[in-house]
Amino acid sequence: METLLTDIELDIQELKCLMQTISAGGNPALRTVAKRNIRQMQERLNALTEWLEDTSDALPTPPVQQPAPIEKPLAETPAPTPTPPAQPQQTSILGERIKPATDLRHAISLNDAFRFTRELFKGDAQRMNEVVAQIGAAASLDEALQTFIAVVQPDEENEATTDFIELLKKYFS
């Protein structure tokens, strides 16, 4: 049963990634993969339902407990007025509620991480992680840009280079 739950959890995570990619205008072939993922998840959920039905027959049903009798009528004891907990002031602007990334790696989306790895780091994810950690430790945007240009030596015409620099500007602002 634990394996089944783990598989369902992994299916959900995979489906989230697929749906994000599809909604961002990703490869149309991913729709087929997402549909297959949903069917597979349905099969696992059906297996889990069957397991619950099989085990419910083997377990004794717990006795139903009756509520304790009320000694005093409700009208005689006034109900205490609950005080709502103090809540922080909510703002209607989403950008003000979103916490900024505390680490440069967390500021890079999954799709961008794959794209930057492929286009800027020639498919070397380990090198990208090392360079991102080095850039993230920079004290300022200028230092981060100097490190990026010196280490990666990007093609200025590449759209991924422009996007990476924009990401750095947002991160260091």
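Below is a summary of the structure that appears in this document. (Residues numbered from 1 in each chain as written. Predicted model: local features only at pLDDT ≥ 70, side-chain atom pairs only at ≥ 80, totals over all residues. Heavy atoms only, no water.)

**Looking at helix α7 (residues 141-152)**
Compared with the 16 Å implied by 1.5 Å per residue over 12 residues, the 16 Å span of α7 between its first and last C-alpha is a close match. Among all positions of α7, only Ala144, Leu145, Thr147, Phe148 and Val152 are buried. Looking straight down α7, one finds that the buried residues subtend no more than 160° of arc, so they occupy a single side. Of the exposed residues in α7, those oriented more than 90 degrees away from the buried face are Asp142, Gln146 and Ala150. Buried positions along α7 lie against α5 (110-120), α6 (125-136) and α8 (159-172). Where α7 ends, the next residue or the one after it, Gln153, has phi of about 50°, a positive value. (Helix = DSSP H or I, 4+ residues; strand = E, 2+ residues; numbered from the N terminus. Expected span 1.5 Å × (residues − 1). Buried < 20%, exposed > 50% of the residue type's maximum accessible area, 1.4 Å probe, protein only. Arc of directions from axis to C-beta. Contact = heavy atoms within 4.5 Å.)

**Quick word on the environment of Leu10**
Relative to the helices and strands, Leu10 resides in helix α1 (residues 2-23). Each C-alpha atom, one on Leu10 and one on Met41, is 9.5 Å from the other, the two residues being 31 residues apart in sequence.

**Observations regarding the packing of α5 against α8**
Closest axis-to-axis distance for the α5/α8 pair is 10 Å, and the angle between their directions is 130°. What the angle tells us is that α5 and α8 run oblique. The handedness of the crossing between α5 and α8 comes out as left-handed. Listed contacts from α8 to Arg115, Phe116, Glu119 and Leu120 of α5 are Glu159, Ala160, Thr161, Asp163 and Phe164. (Axes fitted to C-alpha atoms, helices over the stretch in contact; angles between N-to-C directions. Parallel < 35°, antiparallel > 145°, perpendicular 65-115°, else oblique. Left-handed = near helix turned anticlockwise from the far one by under 90°.)

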